[in-house]
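# Examination of the molecular architecture
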Amino acid sequence: DVIHNFLVCSFMRRWRHAAVGCLTPKEFDHWVQVNGASTFRQSYRKGRGIVLASLHYGAAHLPLLYLNRLGFDEIITMGGTPRTLDLLGLGESRQVMLEVGDARGGLSMDMALRALRRGGIVNLAADGQIGTSRGILVSFHGHLRPFKTGFAELAVATGADVLPVVVSLDTAGRVNIEFLNPLK
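This structure is a prediction, so every number in the text was calculated from the model and none was measured.

Cut-offs and rules
Residues numbered from 1 in each chain as written. Predicted model: local features only at pLDDT ≥ 70, side-chain atom pairs only at ≥ 80, totals over all residues. Heavy atoms only, no water. Buried < 20%, exposed > 50% of the residue type's maximum accessible area, 1.4 Å probe, protein only. Helix = DSSP H or I, 4+ residues; strand = E, 2+ residues; numbered from the N terminus. Pairing = 2+ DSSP bridges. pLDDT = per-residue confidence, 0-100. Polar contact = N/O pair within 3.5 Å; in protein donor to acceptor, adjacent residues only side chain to side chain. Contact = heavy atoms within 4.5 Å. Salt bridge = Lys/Arg side-chain N within 4 Å of Asp/Glu carboxyl O.

### A word on the pairing of strand β2 (residues 50–54)
In regular strands, side chains alternate between the two faces of the sheet. Burial of β2 is extensive: five of the five residues sit out of reach of the surface. Taking every second residue as pointing to the same face, both faces of β2 are buried, with Ile50, Leu52 and Ser54 on one and Val51 and Ala53 on the other. Bridge analysis of β2 against strand β5 (residues 121–125) gives five bridges, and the strand direction is parallel. The residue bridging alanine 53 from the neighbouring strand is leucine 124, located in β5. As paired strands, β2 and strand β8 (residues 161–169) are joined by four bridges and run parallel to one another. Pairing of valine 51 across the sheet is with valine 162, part of β8.

If you want it as structure tokens, here you go:
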């Protein structure tokens, strides 16, 4: 009951996602529902790398916990801070968070390209506004909104699959992580 109330009341607070990182495997399975895991595995088995295209909000980091529990701990996240890994309980993993737009901007893209060429995983917010990619204007609720194209540029340059990943909370307080089919 405490975990339920905590998740429902604090879902969008990134620092509070640390509670999910502290769950035992049994608790994690109870509170976190994952759909599309087979889609993720099929893409990973291709060996061309995966670009996880998430949305730009705190819950987007929760799939990293799930993947870490499966043994995928070499993930580069573009647009996060190393502190986020610590808060999620992943500070000892081999995951790397790179702040996009800092002095390592070009280095970030280079690291992502190398990881994908090795068949690795790169996580980024596909709706982000920061970065060096060109961007395109997309009609969004009646307004033109710029979207960066870095996720697509990485995929085109490496042949990696782009898997959208969506995180939501249901009315029972359970976290839902969904790996969608690769973008074509």
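### Observations regarding the confidence of the model for the chain
Considering every residue of the chain, the mean pLDDT works out to 78; 68% of them sit at 70 or more. Helix α4 (residues 37–45) holds the highest mean pLDDT among the elements of the chain, 96, whereas strand β4 (residues 96–98) holds the lowest, 57.

### What about the environment of leucine 169?
For leucine 169, the location among the structural elements is in strand β8. The spacing of leucine 169 and alanine 59 is 110 residues in sequence and 9.4 Å in space, taken between C-alpha atoms.

### Structural notes on the side chain of aspartate 161
Assignment of secondary structure puts aspartate 161 in strand β8. Within polar-contact distance, the side chain of aspartate 161 engages the side chain of arginine 48 at 2.8 Å. Residue contacts for aspartate 161: discarding those within four places in its chain leaves Ser43, Lys46, Arg48, Gly49, Ile50, Val51 and Pro182.

### As for the side chain of threonine 158
Considering the arrangement of structural elements, one finds threonine 158 in helix α8 (residues 150–158). A polar side-chain atom of threonine 158 sits 2.8 Å from the main-chain carbonyl oxygen of leucine 154. Side-chain polar atoms of threonine 158 contact the backbone nitrogen of alanine 160, separated by 3.2 Å. With near-sequence residues (within four places) excluded, threonine 158 lies in contact with Arg48, Leu113, Leu116 and Arg117.

### Details of the pairing of β5
For β5, the buried fraction is high: four of the five residues fall into the buried class. In this sheet, β5 lies alongside strand β3 (residues 75–78) in parallel orientation, the contact comprising four bridges. Bridged to threonine 77 within β5 is asparagine 123.

### Considerations on the environment of leucine 180
Inspection of the secondary structure puts leucine 180 in the segment after β9 (175–179). Distance from leucine 180 to alanine 37, taken between C-alpha atoms, is 9.1 Å for residues 143 residues apart in sequence.

### Re the pattern of salt bridges
Applying the stated rule across the entire model yields three salt bridges. The residue arginine 48 makes a salt bridge to aspartate 161 at a minimum N-O spacing of 2.8 Å. Here aspartate 161 lies in strand β8 and arginine 48 lies in the loop between α4 and β2, a separation of 113 residues in the sequence. Residue classification places arginine 48 among the partly exposed residues on the basis of a relative accessible area of 37%. According to the relative accessible area criterion, aspartate 161 is buried, its value standing at 8%. We note a salt bridge from aspartate 110 to arginine 114, for which the minimum N-O separation is 2.9 Å.

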